[in-house]
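Overview (structure and organization)
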Amino acid sequence: MFDVWVGDVNIAPFLWLFALIVILPLQLLLCFKAKNKLVRLLPVIIFSVLAVAAIIAVAVSIDWSAMFYLIFAVYFVVMLLFCGVAWMIWFIVKKIKTKKS
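What this report covers is the structure whose coordinates are included nearby. Not measured: the values here are computed from a predicted model. (Residues numbered from 1 in each chain as written. Predicted model: local features only at pLDDT ≥ 70, side-chain atom pairs only at ≥ 80, totals over all residues. Heavy atoms only, no water.)

1. Here we look at the packing of aromatic side chains
Heads up, the rule is: Each Phe, Tyr or Trp ring, with Trp reduced to its six-membered ring, pairs with another whose centre is within 6.5 Å; inter-plane angles below 30 degrees give stacked pairs, above 60 give edge-to-face pairs, and intermediate values give tilted ones. Under the scheme used here, helices are H or I runs from DSSP no shorter than 4 residues and strands are E runs no shorter than 2 residues, and both carry numbers assigned from the N terminus. Relative accessibility under 20% of the residue-type maximum defines a buried residue, over 50% an exposed one, and the middle range a partly exposed one, all with a 1.4 Å probe and only protein chains included.
According to the stated counting rule, one finds five aromatic pairs in the structure shown. Here the aromatic rings of Trp87 and Trp90 are separated by 5.3 Å at their centres, their planes lie at 80°, and the arrangement is edge-to-face. Of the two residues, Trp87 and Trp90 both sit in helix 4 (residues 65-100), three residues apart, roughly one turn of that helix. Trp87 gets classed as buried once you look at its relative accessible area, which sits at 19%. Feature note: the residues Phe68, Tyr69, Phe72 and Tyr75 constitute an aromatic cluster, connected by ring pairs.

What follows is the structure, given as structure tokens:
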């Protein structure tokens, strides 16, 4: 549904793979290794700001570019979902570790 084609190439699968291969492990690494909570939340903050900026761009655009910005807003929300999955994994591992000790 939110496929964006550049020439003959669909970039949606590349964005999903980027989220799975880069965003999820990076967020997991930050969750487990970073002591500062602001550093842990940095990807969430960045993608939230980008999603809000894309939504604002949708609101002020009147042409087909609004659809373009909406698609990117959805992609940023998908990146946020992958960050949320990493936070859930971190939370489950933390709870398992506290039960064992």
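2. Examining the nonpolar core
The test is simple: Side-chain atoms within 4.5 Å are what join buried Ala, Val, Leu, Ile, Met, Phe, Trp, Tyr and Cys residues into a set we call a nonpolar core. Any pair of residues with heavy atoms lying within 4.5 Å of one another is described as a contacting pair.
Among the nonpolar cores identified, the biggest contains ten residues, and these are Ala19, Ile23, Leu24, Leu28, Phe47, Val78, Met79, Phe82, Cys83 and Ala86. In this structure Leu28 touches Ala86, Ile89 and Trp90, once residues within four positions along its chain are discounted.

3. Details of a positive patch on the surface
Rule in force here: Surface patches are drawn from residues lacking salt bridges whose relative accessible area is over 30%; two like charges belong together within 9 Å, two nonpolar side chains (Val, Leu, Ile, Met, Phe, Trp, Tyr) within 5 Å. Computed by Shrake-Rupley with a 1.4 Å probe, the accessible areas treat only the displayed protein chains as cover when residues are assessed. Here, a salt bridge means any Lys or Arg side-chain nitrogen found within 4 Å of an Asp or Glu carboxyl oxygen. All tallies of charge rest on Lys and Arg as positive and Asp and Glu as negative; His and the ends of each chain are not included. In this description, the location of a charge corresponds to atom NZ of lysine, CZ of arginine, CG of aspartate or CD of glutamate.
A contiguous patch of positive charge, built from Lys37, Lys94, Lys95 and Lys99, is present on the exposed surface. At three residues, helix 4 tops the list of elements feeding residues into the positive patch. Mapped onto the secondary structure, Lys95 falls in helix 4. Since its relative accessible area comes to 45%, Lys95 is described here as partly exposed.

4. Overview of a nonpolar patch on the surface
A contiguous nonpolar surface patch, about 440 Å² in accessible area, is contributed by Leu17, Phe18, Leu20, Ile21 and Val22. Relative to the helices and strands, Ile21 resides in helix 1 (residues 12-33).

5. Comments concerning the side chain of Ser61
Put simply, the rule is: Polar contact is the term for a pair of N or O atoms within 3.5 Å; when the atoms are in protein, one must be able to donate a hydrogen and the other to accept it, and sequence-neighboring residues count only if both atoms are side-chain atoms.
Mapped onto the secondary structure, Ser61 falls in the loop between helix 3 (42-60) and helix 4. For Ser61, a relative accessible area of 18% corresponds to the buried category. Engagement of the side chain of Ser61 in a polar contact is seen with the backbone oxygen of Ala57, the distance being 2.6 Å. Discounting chain neighbours no more than four positions away, the residues touching Ser61 are Ala66 and Tyr69.

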